[in-house]
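Working through the structure, step by step
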Amino acid sequence: MFSQLGRGSTTLVMTAHPDDEVFAHGAAIAMLSQQGSRVVLCTASGGEAAENDVTSSAEARRRRAARLDAACTRLGVSEWNWLAEGRWTDTAGRQMPDSLTSASVSDLTEVIAAQVHKIIPDVVLTVGPDGLTGHPDHILIHQAVASAVASCEVPVFGSFLLPADIAQGRDLLAKILPGEPVGSGRMTGRDEPSARPLAAPAHVAEARRAALDEYANGLGTLTLKELVRVFPGRGDSLLLRAVLDAIGWQTERYTRLAA
């Protein structure tokens, strides 16, 4: 899949937060960039909620932007930008003024459609109907991307996980953290009849691990056993990391959404 997208092609990746590009599309981005495709990333919010040790939203956004920029370099992203800089903030899924969670699908659709017409991609990547993790911001992005490209003849693919993938990740964590809950509970996976597995070359795993490290020390490169000792969270990021260990860092699953 995507093997035809070599030099001269353009891939547009649409995400809700910084770090989604690694978790949902890291293998595809690294592979496509190495094939010579121009990869453009648009991110809807600044990921402010993840930088919870600062009091200023602006400072959190600047810090997250620096992490995003470094991760994009690791993956080979040609260029990235905010979908609408400063318009939507990340509030960890809480309904608040100006939060991405409270945005309307129609507003997001309008802005995304403008990016599609500006960039003229050969393919668009986003998350599947369940947002990969069940996060409301991810689901909004999926809905808006699907709506924005409905009238375009651009192939759109959504990233998803199987229930079995998540179960394997939980099994790995249960051996290290017996009895300790990990994850938001929203991430359940889905069975897709039109699944198109991506098995990227094994060497893209190194780029994906390095990109994830830009968001938290060792998040990509420490062993899972080492990571749980130093990583402060027990949310979906840790569960996703375990899933990647279970299914392979070069593996992603996509379903075709349009065109």
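Located above this text is the structure these notes cover.
A quick note: this is a predicted structure, and the numbers were derived from the prediction, not measured. Sequence positions are assigned chain by chain, starting from 1 and proceeding in written order. A pLDDT threshold of at least 70 governs which residues receive local features in this predicted model, and a stricter bar of 80 or more applies before side-chain atom pairs are shown or counted, although totals over entire chains, interfaces and linings include all residues. Note: side-chain values were computed over all heavy atoms of the structure, leaving out hydrogens and water.

**Some remarks on the overall build of the protein chain**
The helix count covers DSSP runs of H or I at least four residues long, the strand count covers runs of E at least two residues long, and both are numbered beginning at the N terminus. What the protein chain contains, in helices and strands, is eight helices and seven strands. Note on method: radius of gyration uses C-alpha positions; expected globular size equals 2.2 Å times residues raised to 0.38. Taken over C-alpha atoms, the radius of gyration comes to 17 Å for the protein chain, in line with the 18 Å a tight globule of 259 residues would show. C-alpha extents for the protein chain along the principal axes are approximately 50 × 40 × 30 Å. Here's how the labels work: a residue is buried when its accessible area is under 20% of the maximum for its type, exposed when over 50%, partly exposed in between, all with a 1.4 Å probe on protein chains only. Counting across all 259 residues of the protein chain, residues that qualify as buried make up 55%. The contact rule is simple, with two residues in contact once any of their heavy atoms fall within 4.5 Å. Pairs at least 24 residues apart make up 80% of the contacts formed inside the protein chain by residues separated by at least 6 positions. Here the protein chain displays about 10800 Å² of accessible surface, and carbon together with sulfur accounts for 50% of that area. Per-residue and other accessible areas were derived by the Shrake-Rupley procedure at a 1.4 Å probe size, with only the shown protein chains allowed to occlude residues.

**Structural notes on the sheet that holds strand β2 (residues 38-43)**
The strands that make up a sheet pair up through hydrogen bonds in the backbone, lying either parallel or antiparallel. Taken in spatial order, the seven strands make up an open sheet running β3-β2-β1-β4-β5-β7-β6, and their pairing is mixed. Each of the sheet's edge strands pairs with one partner strand only, and the pair in question is β3 (79-82) and β6 (195-199). Across the sheet, the mean angle separating the axes of adjacent strands is 25° when strand polarity is ignored. When DSSP locates at least two bridges between a pair of strands, those strands are taken to pair. Note: β6 against strand β7 (residues 251-258), five bridges, orientation antiparallel. Here the axes come from fitting lines to C-alpha atoms, over the contacting stretch only for helices, and the angles between their N-to-C directions go from 0 to 180 degrees.

**Structural notes on the nonpolar core**
Among the nonpolar cores identified, the biggest contains 55 residues, and Phe2, Leu125, Leu161, Leu173 and Leu238 are the most heavily contacted of them. Put simply, the parts of the chain that give this core at least two residues each are α1 (20-35), β2, α2 (57-75), β4 (123-127), α5 (163-176), α6 (204-213), α7 (224-230) and α8 (236-247). Not counting chain neighbours up to four residues away, the residues in contact with Leu238 comprise Leu173, Leu177, Val182, Leu224, Leu227, Val228, Phe231 and Gly233. Ala44, Trp88, Leu108 and Val154 belong to the second-largest nonpolar core, a separate cluster that totals 28 residues. Joining through side-chain atoms within 4.5 Å is the link that ties buried Ala, Val, Leu, Ile, Met, Phe, Trp, Tyr and Cys residues into a set, and such a set is a nonpolar core.

**Topic: the pairing of β2**
The element β2 is extensively covered by neighbouring structure, given that five of its six residues are classed as buried. Across six bridges, strand β1 (residues 10-15) lies against β2 in parallel orientation. Across the sheet, Leu12 pairs through a bridge with Val40, a residue of β2. Sheet topology note: the β2/β3 ladder contains four bridges and is parallel. What sits directly across from Cys42, in β3, is Asn81. We call a crossover right-handed when, viewed with the strands running away from us, the connection from the first strand over the helix to the second turns clockwise. Chirality of the crossover, the property in question, places the unit of β2, α2 and β3 among those that are right-handed.

**Comments concerning the packing of α5 against α8**
The relative placement of two packed helices comes down to the angle between their axes together with the axis-to-axis distance. Their axes nearest at 8 Å, the elements α5 and α8 cross at an angle of 105°. Here α8 runs roughly perpendicular to α5, going by the angle between their axes. Counting all contacts with α5, which are made through Asp165, Ile166, Gln168, Gly169, Arg170, Leu172 and Leu173, the residues of α8 involved are Leu238, Leu239, Ala242, Val243, Asp245, Ala246 and Ile247. Classes in brief: Ala, Val, Leu, Ile, Met, Phe, Trp, Tyr, Cys and Pro nonpolar; Asp, Glu, Lys and Arg charged; the others, Gly included, polar. Along the lines of polarity and charge, the residues of the contact of α5 with α8 split into nine nonpolar, two polar and three charged. When an angle is under 35 degrees it counts as roughly parallel; over 145 it counts as roughly antiparallel; between 65 and 115 it counts as roughly perpendicular; any other value is oblique.

**With respect to the pattern of salt bridges**
What makes a salt bridge here is a side-chain nitrogen of Lys or Arg within 4 Å of a carboxyl oxygen of Asp or Glu, nothing more. Within this structure, the stated rule accounts for 14 salt bridges. A salt bridge links Arg253 to Asp165, with the nearest nitrogen and oxygen atoms 2.7 Å apart. One end of the pair, Arg253, is in strand β7; the other, Asp165, is in helix α5, and 88 residues separate them in sequence. Of the two residues examined, Arg253 and Asp165, each falls in the buried class. In this structure, Arg208 engages Glu252 in a salt bridge whose closest nitrogen and oxygen atoms are separated by 3.1 Å. Note that Arg208 is positioned in helix α6 and Glu252 in strand β7, a separation of 44 residues in sequence. Note on Arg208: relative accessible area 1%, which makes it buried. A single network of salt bridges, built from pairs that share partners, joins Asp19, Glu51, Arg63, Arg64 and Arg67.

**Considerations on the packing of aromatic side chains**
Two rings from Phe, Tyr or Trp (for Trp, the six-membered ring) form a pair when their centres sit within 6.5 Å of each other. Planes less than 30 degrees apart are called stacked, planes more than 60 degrees apart edge-to-face, and all others tilted. All told, the structure shown has one aromatic pair when counted by the stated rule. With 4.9 Å between their ring centres and 80° between their planes, Trp80 and Trp82 make a pair best called edge-to-face. Residue Trp80 is classed as partly exposed on the basis of its relative accessible area, which comes to 22%. Charge over a ring is defined by NZ of Lys or CZ of Arg lying within 6 Å of the ring centre and within 35 degrees of the ring normal. One cation-aromatic arrangement involves Arg61 over Trp82; the distance from NZ or CZ to the ring centre is 4.4 Å.

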